[in-house]
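Breakdown of the fold
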Amino acid sequence: MDEWNLFPTLSITYLPKAGHIIQFDLDCDRDYPTYWSVKDFTTYNAGGYGKIVGNPTLKPSRDLSLSLTYILHSRYVASLFFNNSKDEFRQLPYQSDEKKEMEYKHVNFDYVNQVGLMLTTPINIGNWWQNRLTFTGVYQNDKNSHFYDLPFDRSKWFCQAQWNGTFLFGKHVLLNLDASVRTDAIQGIIDIPASGYLNAALTWKPLKDDKLQLKAYCNDIFETGDNHLHDTYRGQHVINNMYFGRIFSLSLTYRFGGYKAKQHEEVDTSRFGK
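Residues numbered from 1 in each chain as written. Predicted model: local features only at pLDDT ≥ 70, side-chain atom pairs only at ≥ 80, totals over all residues. Heavy atoms only, no water.

**Some remarks on the pattern of salt bridges**
- Enumeration according to the criterion identifies nine salt bridges in this entry.
- For E103, the salt bridge identified is with K51, shortest N-O distance 3.6 Å. Linking E103 in strand β8 (residues 102–108) with K51 in strand β4 (residues 50–53), this pair joins segments that are 52 residues apart in sequence. Both residues of the pair, E103 and K51, count as buried.
- When the shortest N-O distance is used, the salt bridge between R90 and E88 registers 3.1 Å.
- When its relative accessible area of 17% is taken as the criterion, E88 is described as buried.
- Linked by salt bridges that have partners in common, K51, E101 and E103 make up one network. (Salt bridge = Lys/Arg side-chain N within 4 Å of Asp/Glu carboxyl O. Helix = DSSP H or I, 4+ residues; strand = E, 2+ residues; numbered from the N terminus. Buried < 20%, exposed > 50% of the residue type's maximum accessible area, 1.4 Å probe, protein only.)

Shown next as structure tokens:
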């Protein structure tokens, strides 16, 4: 079957006066599911209690994004946005009433809508402490009118705050901190509890030419970034504990010599004529 689709993209920038920028963006696109999710297959796990099923009828989603952004002095950003994804596809669990079986399958939603506000501001103290704070508030609405015998139309407000901080101790020691916290959210019939994380990277360059670098990194220091998904919608009782774990790494890097850009001959364009 042949099908024509139109996916316009529009970007408008307006500068009312120096230091003030207003941007409007419209973007339409299509997102396609993975190869395996549309194949006709069944894979059993958990001793036969769980199974992953392919969905040959899965359709690609049609995505629309609108945003209106105000930028002050190239530092402070406020953005209103709206995202609509028709036929959004996601993998959801379904617990059958007829037999002890948990089925995981990618399904198409009617739509997923998001309306939100994002605020970004830098906060710097001298040259030794630089910060960037980002706050996002989102209203999300997920609808699927043909999900087994459990059609749903659910909505939720959630917020997320992010912090990126850089601390410079002298000329040779640099500490980067990356933190985030999010309130509870939803994904279809699944409830996603609140979570957050703190990552840290410490870099030491003891030599004046910065050729030697020792770097220590640790993600999710307090192990609070794990997602424990709950599904108690209309008799369902599913708890998926997703543990990502803390990772610590240590690297030692030394750069030999210096980098010099290679000289390249100019491209001969004479054969193209004038």
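**Description of the environment of R90**
- Take R90: it is sitting in strand β7 (residues 89–95).
- Placed 17 residues apart in sequence, R90 and V107 show a C-alpha to C-alpha distance of 5.8 Å.
- Setting aside chain neighbours within four positions, we find R90 in contact with K105, H106, V107, F109, V112, Q140, D142 and Q187.
- There is a polar contact of 3.1 Å between the side chain of R90 and the side chain of E88. (Contact = heavy atoms within 4.5 Å. Polar contact = N/O pair within 3.5 Å; in protein donor to acceptor, adjacent residues only side chain to side chain.)

**Brief notes about unusual backbone geometry**
- Its identity as a non-glycine residue notwithstanding, Y148 has a phi of 50°, on the positive side.
- Take Y148: it is sitting in the loop between β10 (129–144) and β11 (152–169).

**Here's the deal with the pairing of strand β12 (residues 173–182)**
- As defined by bridge partners, β11 adjoins β12 across ten bridges and the pair is classed as antiparallel. The residue of β12 that forms the bridge with F169 is V173.
- Two elements, β12 and strand β15 (residues 195–204), share ten bridges in a ladder whose sense is antiparallel. Residue pairing in the sheet places S180 in a bridge with Y197 of β15. (Pairing = 2+ DSSP bridges.)

**Considering the side chain of E101**
- Secondary-structure assignment places E101 in the loop between β7 and β8.
- Apart from the residues within four sequence positions on either side, E101 is in contact with Y44, Y49, K51, Y94, Q95 and S96.

**Here we look at the sheet that holds β7**
- Spatial strand order, β3-β4-β8-β7: four strands in an open sheet with mixed pairing. The strands lining the two open edges of the sheet, one partner per strand, are β3 (42–45) and β7. Direction aside, neighbouring strands of the sheet carry axes that sit 25° apart on average.
- Bridging between β4 and β8 involves four bridges; their strand directions are parallel. Counted as the bridge partner of K51 is E103 from β8. (Axes fitted to C-alpha atoms, helices over the stretch in contact; angles between N-to-C directions.)

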